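Overview (structure and organization)
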Amino acid sequence: MSERLSLSRAARLVGVSRGVLQKQIRDGALATFEGKVSTDDLAHHFPSVSLEPADPELARVNQIKEKAFGKRVFERALPDKEVLAARLAELGKDITRTRAELSHYQLVMQWLDDKFDELAEENNVLRSPLSALKTWLHRELAEAPEAAMVLEASESYRQVVAPHVRLTPSDDDFFVEGSETLLEAALRAGIAMNYGCSNGNCGCCKARMVSGQIKKVHPHDFVISEAEKNMGYALMCANTAVTDVVIDAGTAVGPEDLPFQQITAQVEEMAYPSDDVLILRLKTPRTSRLRFLAGQHVTLRLAALPPVNFTVASCPCEARRLEFHLRRAVGNPFSDYVFHRVEKDALVDVE
Ligand code: FES
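This one's a predicted model, so the numbers in the text were calculated from it and none came from an experiment. (Residues numbered from 1 in each chain as written. Predicted model: local features only at pLDDT ≥ 70, side-chain atom pairs only at ≥ 80, totals over all residues. Heavy atoms only, no water.)

Re the pattern of salt bridges
Opposite charge on two side chains lets them pair, provided their charged atoms get close. Scanning the entire structure with this criterion turns up 19 salt bridges. In this structure, Lys115 and Glu118 form a salt bridge, with 3.5 Å as the shortest nitrogen-oxygen distance. Of the two residues, Lys115 and Glu118 are both situated in helix H6 (residues 81-122); the distance of 3 residues between them amounts to about one turn of the helix. For Glu118, a relative accessible area of 41% corresponds to the partly exposed category. Linking Asp276 and Arg328 is a salt bridge whose minimum nitrogen-to-oxygen distance equals 3.4 Å. Of this pair, Asp276 sits in the loop between strand E10 (263-274) and strand E11 (277-283) while Arg328 sits in the loop between strand E14 (321-327) and helix H11 (333-340), placing them 52 residues apart in sequence. Classification of Asp276 as partly exposed rests on a relative accessible area of 38%. Owing to a relative accessible area of 30%, Arg328 belongs among the partly exposed residues under this scheme. Via salt bridges that share partners, Glu269, Arg281 and Glu323 belong to a single interconnected network. (Salt bridge = Lys/Arg side-chain N within 4 Å of Asp/Glu carboxyl O. Helix = DSSP H or I, 4+ residues; strand = E, 2+ residues; numbered from the N terminus. Buried < 20%, exposed > 50% of the residue type's maximum accessible area, 1.4 Å probe, protein only.)

Below is the structure:
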């Protein structure tokens, strides 16, 4: 039976970008229904997709294995044993359900066969069309499209290795890879989730699980009441996905959606790609992360200098490591100071 997949899941499955699928849809080459594509249509358009090493998921795991020199790297790259066991258990349930459905369909087919024979015996006129219908049905069932079956198998494999998460109401989506928490995976995907401490203390990342199954992978001090747990609330920084999940969670659209933050960071590194350009890298304390949107301005205060505004040049997914690209401006006190006097570990206030 064909399954309908979101564009992200379909793109990942066949190893192309969402843009490629969107173009095929715009060109009318690939059909969609309510924004989803069927595995049958995918198999038709990407007949070469297989579970051989070229498959994106298997290739990725092979890459991880090759690159994972140390045990710790390997552990981070794959889900932990309990999460993997839970995902396999879910897959097992799915297989059991599918087997039961198949047995039921076989019984229905048997019943149809008998009914056709019965009707054909009773009515001479119907004998020939019924026989043709029966032959057609058996041929269609025997010719299950191989490529579609491979895609289905690949999709099951993807669910174990990288469950898919969809957020409501924003409709953003992402995949949880390796040992990531839901929050880490969302930030890596560039989604501006609501969060604060990212270690289970503040409760800012609390969200409601609408469907699917999650698993706690980090203990947390923030208390979620029993009533809230029963409603599906959980911390995104302490849980990972066991199955594909839908989560009701707020995301920031503009800087006005983020709370005012004040963090004292330390200069971690200074790099000079040219005489006139300085890359200043700051690191926040372990317990404080700066939540910001891509390309957002922040205010920096250094020593007794007047505050200056700069764009954060680093990814919001790296909330503890902030990067700023500064061009030398002769006569500007801040520029003179950072180009000539600032040292590693100097304190910088970031707002
Ligand atoms: S971000 Fe603070 S509890 Fe999750």
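Okay, back to it.
Considering the packing of helix H1 (residues 7-14) against helix H2 (residues 18-26)
The contact between H1 and H2 brings their axes to 8 Å, and the two run at 110 degrees. Taken together, the axes of H1 and H2 are roughly perpendicular relative to one another. Between H1 and H2 lies a crossing whose hand is right-handed. In this structure, H1 uses Leu7, Ser8, Ala10 and Ala11 to contact H2, whose residues at the interface are Arg18, Leu21, Gln22 and Ile25. For the contact of H1 with H2, the residue count by class is 5 nonpolar, 2 polar and 1 charged. (Axes fitted to C-alpha atoms, helices over the stretch in contact; angles between N-to-C directions. Parallel < 35°, antiparallel > 145°, perpendicular 65-115°, else oblique. Left-handed = near helix turned anticlockwise from the far one by under 90°. Contact = heavy atoms within 4.5 Å. Nonpolar A, V, L, I, M, F, W, Y, C, P; charged D, E, K, R; others polar.)

In short, shape yes, function no, at least from these values alone.
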